[in-house]
Structure formats: structure tokens, C-alpha cells
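Descriptive structure summary
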Amino acid sequence: MQTPAASDPIEPLPDFSGLDLAELRDRSGHPVLGAVLDGLLERPRPAGRTVAMFSDGPD
């Protein structure tokens, strides 16, 4: 038996690949979000190849 959520049509996720992470970090002022964004900024982000992988988590 499927749950109602599993039978709903799937919508694509929004594309945030052009988001300026440094600007977001500087404007947010939130310490946890700032730390997460610092970690993301340290990783290379080649244009057109931004993907989230299971192995992207902290070691």
C-alpha cells in the first residue's frame, strides 16, 4: 500500500546553482548557516556540475 505522499506527482527541485553563497553568508548573520556556507564555499563548484552526493557529508 502506497502512502499518499508516494502517489503524489513529483515536482522538480528549484535550481539554486547560481546562488551567491558568500553573499548569503555575509547577509544572514546566522552562526550555524554561516558555518555550513563556509564549508560549501571551500568545495570546488565547477559550473554545470553541481550535484549533491551521499558522500558529500563530513568525514
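These figures come from a predicted structure and were not determined experimentally.

In terms of helices and strands, the protein carries 3 helices and 0 strands. Counting from the amino terminus, helix and strand elements in the protein follow one another as α-α-α. Here the protein, with 59 residues, has 5% of them falling under the buried criterion. Approximately 5600 Å² of the protein is accessible, and the part contributed by carbon and sulfur atoms is 61%.

Tallied over the entire structure, the rule returns 3 salt bridges. Salt-bridge contacts for Glu23 lead to Arg27; the nearest nitrogen and oxygen are separated by 3.3 Å. Placement of both Glu23 and Arg27 in helix H2 (residues 21-28) is noted, with a separation of 4 residues, approximately one turn of the helix. The salt bridge partner of Asp26 is Arg25, with a shortest N-O separation of 3.2 Å. Asp26 sits in the exposed class, given a relative accessible area of 56%. In this structure, a network of salt bridges that share partners links the residues Arg25, Asp26 and Asp38.

Sitting at the amino-terminal end of H2 is Asp20, which places a side-chain oxygen 3.2 Å from the backbone nitrogen of Ala22. Among the residues trailing H2, Gly29 stands out with phi positive, at a value near 70 degrees.

A grouping of Phe16, Leu19, Leu24, Val32, Leu33, Val36 and Leu40 is seen on the molecular surface, where their side chains present a nonpolar patch of about 590 Å² in accessible area. Top element by residues in the nonpolar patch is helix H3 (residues 31-42). It accounts for 4 residues. Following the sequence through the fold, Val32 ends up in helix H3. Residue Val32 is classed as exposed on the basis of its relative accessible area of 54%.

Conventions and cut-offs
- Residues numbered from 1 in each chain as written.
- Predicted model: local features only at pLDDT ≥ 70, side-chain atom pairs only at ≥ 80, totals over all residues.
- Heavy atoms only, no water.
- Helix = DSSP H or I, 4+ residues; strand = E, 2+ residues; numbered from the N terminus.
- Buried < 20%, exposed > 50% of the residue type's maximum accessible area, 1.4 Å probe, protein only.
- Areas by Shrake-Rupley, 256 points an atom, 1.4 Å probe, with all protein chains shown as cover.
- Salt bridge = Lys/Arg side-chain N within 4 Å of Asp/Glu carboxyl O.
- Polar contact = N/O pair within 3.5 Å; in protein donor to acceptor, adjacent residues only side chain to side chain.
- Patch = residues over 30% accessible without salt bridge, like charges linked within 9 Å, V, L, I, M, F, W, Y side chains within 5 Å.

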